[in-house]
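# Commentary on secondary and tertiary structure
These are the residues of each chain, in order.
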Amino acid sequence: MSLVQNDNNTDSVVYTSRKFQPYAESFSEHYTFVVPSVFSKVMPAKEKERPLIYISMGTLINDRPDFYSKCIDALKEINVEVIISCGNTMNQELLGTLPDNIRVYPYVNQLDVLVKADAFITHCGMNSVSESLYMVAPMILYPQTSEQCAVARRVT
């Protein structure tokens, strides 16, 4: 508990930017804000035959066949590639037969996809947002929880 209950006199490193930290003005000069830890040596590479849209609702609240079905319906006839990461708990059969331009996986290496993504439909989890910013992938914000809404406000 002492690790998370810090005072304003102890030198501390915060792994986000000051702009993403709620109530950052209340932190003393003993706090150093650094960029999030993103472990990738790959640089963004957006050149490809057609744009890539990546969709992920994160690892906790991702059993959303209704949401994914609406995305599939909206994107099925557009000249884009779509990758949906839906998690391990969702029954992918609920999505029916997928169009040729849309692929659904329970899990992807998010950094490997974001490095190529032209747009990222995201739940606004802090890690996903940080990785998207790092990989220069524009975001379409779709928060699901109050914490994600707060992250979406900071992104905006």
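None of the values given here were measured: they were computed from a predicted structure.

In terms of helices and strands, the protein carries four helices and seven strands. Listing each helix as α and each strand as β along the protein from the N terminus yields β-β-β-α-β-β-α-β-α-β-α. Dimensions of the protein, computed from C-alpha atoms along their principal axes, come out at roughly 60 × 30 × 25 Å. Per-residue burial for the protein yields a buried fraction of 40% across its 156 residues. For the protein, contacts bridging at least 24 residues in sequence account for 50% of all contacts bridging at least 6. Summed over its atoms, the accessible surface of the protein is roughly 9,800 Å², and 55% of this surface lies on carbon and sulfur atoms. Each charge class in the protein can be summarised by its mean position, and for the 13 positive and 17 negative side chains these summaries are 3 Å apart.

Attention now goes to the pattern of salt bridges. All chains considered together, the criterion is met by five salt bridges. For arginine 64, the salt bridge identified is with aspartate 66, shortest N-O distance 3.5 Å. A relative accessible area of 16% places arginine 64 in the buried class. Relative accessible area serves as the criterion here: at 42%, aspartate 66 is assigned to the partly exposed category. One network of salt bridges, with partners in common, ties together Arg50, Glu81 and Arg103.

Moving on to the layout of surface pockets. For the largest pocket, the calculated volume is near 560 Å³. Gly58, Thr59, Gln110, His123 and Ser128 are, among the 26 residues lining the largest pocket, the residues nearest its centre. At the level of elements, strand 3 (52-56), helix 2 (110-114), helix 3 (126-134) and helix 4 (146-155) are the ones that each hand at least two residues to the lining of the largest pocket. Among the elements that line the lining of the largest pocket, the one with the most residues is helix 3, at four residues. Residues that form the lining of the largest pocket fall into these classes: nine nonpolar, 15 polar and two charged. Considering only enclosed or pocket space, the second largest pocket measures out at about 160 Å³ in volume. Every residue along the wall of the second largest pocket is listed here: Thr16, Ser17, Phe20, Val35, Pro36, Val38, Met126, Val129, Ser130, Leu133 and Tyr134. Residues of the lining of the second largest pocket, tallied by class, amount to eight nonpolar, three polar and no charged.

In this structure, Ile53, Ile55, Phe67, Tyr68, Val82, Ile84 and Ile102 are the most contacted members of the largest nonpolar core, which totals 18 residues. Going through the elements one at a time, strand 3, helix 1 (65-75), strand 4 (81-85), strand 5 (102-105) and strand 6 (119-122) are the ones with two or more residues in this core. Apart from the residues within four sequence positions on either side, isoleucine 102 is in contact with Ile72, Leu75, Lys76, Val82 and Ile84.

Conventions used here
- Residues numbered from 1 in each chain as written.
- Predicted model: local features only at pLDDT ≥ 70, side-chain atom pairs only at ≥ 80, totals over all residues.
- Heavy atoms only, no water.
- Helix = DSSP H or I, 4+ residues; strand = E, 2+ residues; numbered from the N terminus.
- Buried < 20%, exposed > 50% of the residue type's maximum accessible area, 1.4 Å probe, protein only.
- Contact = heavy atoms within 4.5 Å.
- Areas by Shrake-Rupley, 256 points an atom, 1.4 Å probe, with all protein chains shown as cover.
- Lys, Arg positive; Asp, Glu negative; His and termini not counted.
- Charge placed at Lys NZ, Arg CZ, Asp CG, Glu CD.
- Salt bridge = Lys/Arg side-chain N within 4 Å of Asp/Glu carboxyl O.
- 1 Å grid on protein atoms, 1.4 Å probe; cavity = no way out; pocket = protein on both sides within 12 Å on 5 of 7 lines; lining within 4 Å.
- Points joined across faces, edges and corners; volume = space filled by probe spheres on them.
- Nonpolar A, V, L, I, M, F, W, Y, C, P; charged D, E, K, R; others polar.
- Core = buried A, V, L, I, M, F, W, Y, C linked by side-chain atoms within 4.5 Å.

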